[in-house]
Amino acid sequence: EAYEQAWLGYRRLEDEALRARYAAVCGRLIVVGEGAGLASARLELRRAIKGLLGCEPVDLSAEAEAGVGDEGAAGPAIVVGLADAVRDIWVKSASGAAGMHAGAGAGAGATEMSDIGTFGDEDYAIRSGNDGSVYLLGGGEKGVLYAAFGFIRLLQTGGDIRGLQTVERPAYPLRMIDHWDNADGSVERGYAGGSLFFNDGRLGERMDRIRDYARLTASIGINAVAVNNVNVHAEETRLLAPERLADVARVADVLREYGIALYLSVNFAAPIELGGLVTADPLDTAVAAWWRDTTDEVCRRIPGFGGYVVKADSEHRPGPFTYGRDHADGANMLADALAPHGGTVIWRCFVYDCKQDWRDRRTDRACAAHDHFMPLDGAFHDNVVLQIKHGPMDFQVREPVSPLLLGLRRTQIALELQVTQEYTGQQRHLCYLLPMWKEVLDFDGGDGRTVADAAGGLKREAGLEARGGGADERREWRGGLAAVANVGTDLNWTGHLLAQANWYGFGRLAWNPSASAEAIGREWIRMALGLDPTVEETVIRMLMDSHAIYESYTAPLGVGWMVNPNHHYGPNVDGYEYSPWGTYHYADRYGIGVDRSVATGTGYAGQYPAFAAAMYETPQTCPDELLLFFHHVSYDMRLKSGKTVIQHIYDTRFEGAERAAGLLTSWDSIADRLPARVYVEVRERLACQAEHAQEWRDQLNSYFYRKSGIPDARGRTIY
Ligand code: BDP
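Not measured: the values here are computed from a predicted model.

Reading the values: the criteria
- Residues numbered from 1 in each chain as written.
- Predicted model: local features only at pLDDT ≥ 70, side-chain atom pairs only at ≥ 80, totals over all residues.
- Heavy atoms only, no water.
- Pairing = 2+ DSSP bridges.
- Helix = DSSP H or I, 4+ residues; strand = E, 2+ residues; numbered from the N terminus.
- Axes fitted to C-alpha atoms, helices over the stretch in contact; angles between N-to-C directions.
- Contact = heavy atoms within 4.5 Å.
- 1 Å grid on protein atoms, 1.4 Å probe; cavity = no way out; pocket = protein on both sides within 12 Å on 5 of 7 lines; lining within 4 Å.
- Points joined across faces, edges and corners; volume = space filled by probe spheres on them.
- Nonpolar A, V, L, I, M, F, W, Y, C, P; charged D, E, K, R; others polar.
- Parallel < 35°, antiparallel > 145°, perpendicular 65-115°, else oblique.
- Polar contact = N/O pair within 3.5 Å; in protein donor to acceptor, adjacent residues only side chain to side chain.
- Core = buried A, V, L, I, M, F, W, Y, C linked by side-chain atoms within 4.5 Å.
- Buried < 20%, exposed > 50% of the residue type's maximum accessible area, 1.4 Å probe, protein only.
- Near = heavy atom within 4 Å.
- Areas by Shrake-Rupley, 256 points an atom, 1.4 Å probe, with all protein chains shown as cover.
- Phe/Tyr/Trp six-rings, centres within 6.5 Å; stacked < 30°, edge-to-face > 60°.
- Left-handed = near helix turned anticlockwise from the far one by under 90°.
- Right-handed = clockwise from strand over helix to strand, strands pointing away.
- Salt bridge = Lys/Arg side-chain N within 4 Å of Asp/Glu carboxyl O.
- pLDDT = per-residue confidence, 0-100.

A. View of the sheet that holds strand β13 (residues 344-348). Read around the barrel, eight strands follow the order β7-β10-β11-β12-β13-β14-β15-β16 and close on themselves; strand pairing throughout is parallel. Each adjacent strand pair in this sheet contributes to an overall mean axis angle of 25 degrees, direction not counted. One ladder, built from three bridges, connects strand β10 (residues 224-226) with strand β11 (residues 261-266); its direction is parallel. Considered in β11, the bridge of Val225 is made with Leu262. Helix-sheet contacts for helix α11 (residues 327-338) involve β12 (307-310), β13 and β14 (384-389), and the interaxial angle to β13 is about 160 degrees.

Spelled out as C-alpha cells, the structure:
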C-alpha cells in the first residue's frame, strides 16, 4: 500500500496530460550493464513508472545488449548505466558502429558527455537526448542508483523532463543515519514503534521492511547506516561474535544493494566483555590484537563494512580514560584495525561529566566537548571521523552552534543532528527541523568558513599549510553529516506522518547543504501527499512555522532543559535543576540564565572564533534567542525586541499555544484533499499538540510569575 511506502508510494499521477507526457519517454527502459546497484535502479524505475503512470515500461536491456535494436520501433527511452559504459556505446552508435540503442537516444552528441569523465562513484548526470530519451548516468553504481531516484523524484514532483542537463555530486562523502536500536527490539529515544532491525534479540527478521527502509534511505542519498544503539549493552556487544555475524551480514547485504554501508556501534570494553581479556587499554598489544582479529572477521563476513561508531567515556560508557589514555589513543587503535579494510571509526564527541555537583557553578557541561577534543586536533588517524552534536549540550530546540565544529582544523569531522525528536516534541508535536539545521550549517563564527564547509573539509588546506603541513598530510576527506534516526516499525515509519519530512530532509541536506528548507519540504509534500497546490501551500506553511512554534511554548531564550527527567517529554521547569547532569537555568526571584561569559561566567563564550565570542560575551550583543544560554539576567531586562524578558516569556507562551492550535485549523482546512487515513492520524497528533502546548504555556507562565512576582502587562490569566 502506498501509505506504507512513505514518499516512495508512487500513487498514480492525477494529471492525465502530465502522465501522457511522461509515458512517452518512460515506456521503454534500457539498463546497460549489470550489478546490484543497477538491478536496484531498474527495479525502482519499473515500480515507479508503473505506479505513477500506470504502465509497465518495456525492458529493452537484453535487446540492447545483444545489439539487435529495432530501428523501426525507434522512440525515446530511459537509458540507465555507468557513465563510462554508456558513453562508449554512445560514441559507437553516434558513429554508426552499433545499434545498441534499440532505437533510443541516438543523435545526442558524444561531446555532451565530456564532463562525466571525472565522475566519482556517487556522482550522476541526467541528460536528455535529441529524441527525448533520458539518460541516467552514474560515475559508479551508486551514482546510477541516485540518478534513478533523482529522475523518479522529477516525475513525482511534476517536473519537466525535457532538456535535462543535471549534474549532481554529493557535498559530503559521509551521509549517515545512526539508529539507537537495541537487540531486544526497543529503540532508545524512538517514537515510531520498535526497531526495524531487531526483534526479540534476533536481527533481520523483517527483511521486506528493511529493504523498503534501504530504498527510502538510498532515495535521499544516505550511504551509511549504523544499526545499533551507541549505548551498547551486553546483547549488542555480542553482535561482533562470529555466531552473530551471519545475521548482521544478511542485513548488510540488503543495505549494500542500495549503496549503503553498514556500521556497528561498539562497546569500548568489548575485549573484556566478549574477548575475556582483563583490560581494554587501547595501548595494550593484546587489546589491539583482539580488535584486529575481530575486525578482520567482521570485514571478511561483511564486504564493504563501514566501520565502528563509538560512544566512549560518556554517560557511564567505558572508554580510554579508565586507563589514563586519551580519545586519540582509543580511536586510533580501532582505526588501525579497520584501516586494512577501508573502514572508518566514527568517534563521538558527546563526552562530559554526567555526575557533576550542581552546587558547583564552575563546571559547565557546555565547555566539555571543546575542552576534551581541541587539544587532540591533528592527532587522529586518517580513517577517524569525530562526530559532533550541533550544539554544545544535547539537541535542545535552541542552542548555539558547537564551537568544536569550527575549532577543529586538522581532524575529520561529521556534524551530528537528531532527526528523532527527543527534545522537540517526540513526534507527537510537529517540528520540522530543517530551518534549525540550516542555521547550524550556515553559521560561520564571523570568518566566512561555515559549519557546512567544516563538515566538508573545505578550506582546510589553508589550515594545514599554516602549520607547515605538506601534501602528505592532506588526506582523503571522510567526514560529513550524521543523524539519529526517527523511524521504527510504525506503518508510516515515523509515528507522526509529517515527521517523515525530517528524515527525508536530512538526507537531502546531507547531499546538498545549500538547498533551502522550504524547497526540500515542498519536494517531500509532493512526493508523499501528491500534487495538489492547496495541500502543498498549507502543509509547507505548517512545516516552516512549526519549529518556531514549538520553541515559543517550550523553554525560552535558549535556556533549554525544562522537561521531565528521563523521558524528556512535557514541561517540568525544575526537573533537571538540582540534578548531576549539568543542565541548569538558575532561575531565582531576580532573574534567570547561565552566565557563560569569559568576564564573569564559565568562559564558554571564549571557545568561539573572535567575532562570535565577542557577540556572545555581553547581554547587549548576544542575540535574543540565545540570551539565557549565555547570560544570567534580570526579568525586567529589555531584549532587542523592546520587551522585557518576563513579558517575552508570557507573550511567546500565549502566542505559541495559540499558533499550535492554528496548526490543527490549517490541517482541518485540507481535510477533504487528503487520504482519509493520513488526515485522521495526523489530526489526532495535532489535537494532542494543541492541548499539550497549553500545558507548557500554563506551567511556564505560572512558574515565572510566581518566581518574579511581575504580572503580565496584558492582564491575561496566569494561574
Ligand atoms: C541524549 C539521549 C541519550 C543518548 C545520548 C547520546 O538522551 O539517550 O544516549 O544523548 O547521544 O540525548 O549518546
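B. Fine view of the layout of surface pockets. Its volume calculated, the largest pocket comes out at about 570 Å³. Forming the boundary of the largest pocket are 27 residues, of which Lys142, Pro173, Asn223, Ala261 and Tyr263 lie nearest the centre. For the lining of the largest pocket, the secondary-structure elements that each account for two or more residues are α8 (242-257) and β11. Residue classes in the lining of the largest pocket are distributed as 13 nonpolar, eight polar and six charged.

C. Region of interest: the packing of helix α5 (residues 141-156) against helix α6 (residues 207-219). The N-to-C vectors of α5 and α6 enclose an angle of 80 degrees; their axes lie 9 Å apart at closest approach. By the angle between their axes, α5 is roughly perpendicular relative to α6. Across the interface between the two elements, Leu145, Tyr146, Phe149 and Arg153 of α5 pack against Arg215, Ala218 and Ser219 of α6.

D. Just the side chain of His547, in detail. Take His547: it is sitting in helix α19 (residues 533-553). Filtering out sequence-adjacent residues up to four positions away, His547 remains in contact with Val397, Arg398, Cys431, Tyr432, Leu433 and Met436.

E. The environment of Asp131, seen in detail. As for its placement among the helices and strands, Asp131 is situated in the loop between β4 (124-128) and β5 (134-138). C-alpha of Asp131 to C-alpha of Arg300: the two residues are 169 residues apart in sequence and 47 Å apart in space. Within polar-contact distance, the side chain of Asp131 engages the backbone nitrogen of Ser133 at 2.9 Å.

F. A look at the nonpolar core. Trp7, Phe151, Trp291, Trp347, Trp524 and Trp667 are the most contacted members of the largest nonpolar core, which totals 219 residues. Setting aside its immediate chain neighbours within four residues, Trp667 contacts Leu498, Val539, Met542, Leu674, Val678, Tyr679, Val682, Arg683 and Leu686.

G. Region of interest: the site of the ligand. With respect to spatial proximity, 14 residues lie near the ligand, and among them Glu188, Arg348, Lys389, Asp394 and Glu422 are the closest. Between Lys311 and the ligand, the recorded distance is 2.7 Å, taken from a side-chain N or O atom to an oxygen atom. Protein chains shield 97% of the accessible area of the ligand, which is 320 Å² for the free molecule. Looking at the shell around the ligand residue by residue, the class counts come to four nonpolar, two polar and eight charged.

H. Layout of the packing of aromatic side chains. One pass over the full model with this rule turns up 28 aromatic pairs. Geometrically, the ring pair formed by Phe197 and Tyr213 is edge-to-face, given 5.6 Å between the ring centres and 85 degrees between the ring planes. Of this pair, Phe197 sits in the loop between β7 (174-178) and β8 (198-199) while Tyr213 is found in helix α6, placing the two residues 16 residues apart along the sequence. On the basis of relative accessible area, Phe197 is assigned to the buried category, the value being 1%. For Tyr213, a relative accessible area of 1% translates into the label buried. Plain terms: the ring middles of Phe443 and Tyr608 are 6.3 Å apart, the flat faces sit at 80 degrees to each other, and that makes the pair edge-to-face. With Phe443 in the loop between α14 (434-442) and α15 (451-456) and Tyr608 in the loop between β17 (591-592) and α20 (610-617), the pair connects residues that are 165 residues apart, well separated along the chain. When its relative accessible area of 6% is taken as the criterion, Tyr608 is described as buried.

I. Local environment of the sheet that holds strand β2 (residues 58-59). Taken in spatial order, the six strands of this open sheet run β2-β1-β3-β5-β4-β6, and their pairing is mixed. Every interior strand has two partners, whereas the edge strands, β2 and β6 (165-168), have only one. Alignment of strand β3 (residues 78-82) against β5, held across five bridges, turns out to be parallel. When the bridges of β5 are listed, Val79 appears paired with Tyr135.

J. Representation of the packing of α14 against helix α17 (residues 500-511). For the pair α14 and α17, interaxial distance at closest approach is 10 Å and the crossing angle is 25 degrees. One way to sum up the angle between α14 and α17 is to call them roughly parallel. For the pair α14 and α17, the crossing hand works out as right-handed. Packed against α14, whose contacting residues are Leu434, Trp437, Lys438 and Leu441, the element α17 presents Ala501, Asn502, Gly505, Phe506 and Leu509 at the interface.

K. Fine view of the environment of Pro403. Along the chain, Pro403 turns up in helix α13 (residues 403-407). C-alpha of Pro403 to C-alpha of Gly140: the two residues are 263 residues apart in sequence and 36 Å apart in space. Sequence-distant contacts of Pro403, defined by excluding residues within four places in its chain, comprise His370, Tyr604, Gln607 and Tyr608.

L. Just the pairing of β14, in detail. Most of β14 is tucked away: six of the six residues are buried. By the alternation rule, side chains of β14 split into Val384, Leu386 and Ile388 and Val385, Gln387 and Lys389, which are all buried. Relative to β14, β13 is paired through four bridges, and the arrangement is parallel. Bridge assignment links Arg348 to a residue of β14, and that residue is Gln387. What joins β13 to β14 is helix α12 (residues 368-373), and the crossover it makes is right-handed. With four bridges joining them, β14 and strand β15 (residues 413-418) adopt parallel strand pairing. Within the sheet, the bridge partner assigned to Lys389 lies in β15 and is Glu416.

M. Summary view of the pattern of salt bridges. Across all of its chains, the model carries 45 salt bridges by this definition. For Arg256, the salt bridge is made with Asp253, and the minimal N-O distance between the two is 3.0 Å. Of the two residues, Arg256 and Asp253 are both situated in helix α8; the distance of three residues between them amounts to about one turn of the helix. Looking at Arg256, the relative accessible area reads 34%, which means it is partly exposed. The partner of Asp624 in a salt bridge is Lys640, and the shortest N-O contact between them spans 3.6 Å. On the criterion of sequence distance, the pair formed by Asp624 in the loop between α20 and α21 (627-630) and Lys640 in the loop between β18 (633-634) and α22 (645-669) is long-range, its members being 16 residues apart. On the basis of relative accessibility, which here comes to 17%, the residue Asp624 falls in the buried class.

N. The arrangement of the confidence of the model for the chain in detail. Of the residues in the chain, 93% reach a pLDDT of 70 or more, and the chain-wide mean stands at 93. In this model, residues 96-111 is a region of pLDDT below 50 whose contacts with residues beyond four sequence positions or in other chains number 45 contacts. Note on residues 460-474: pLDDT is under 50 here. Beyond four places in sequence and across chains, it has 12 contacts. As scored by the predictor, the complex reaches a pTM of 0.96 and an ipTM of 0.99.

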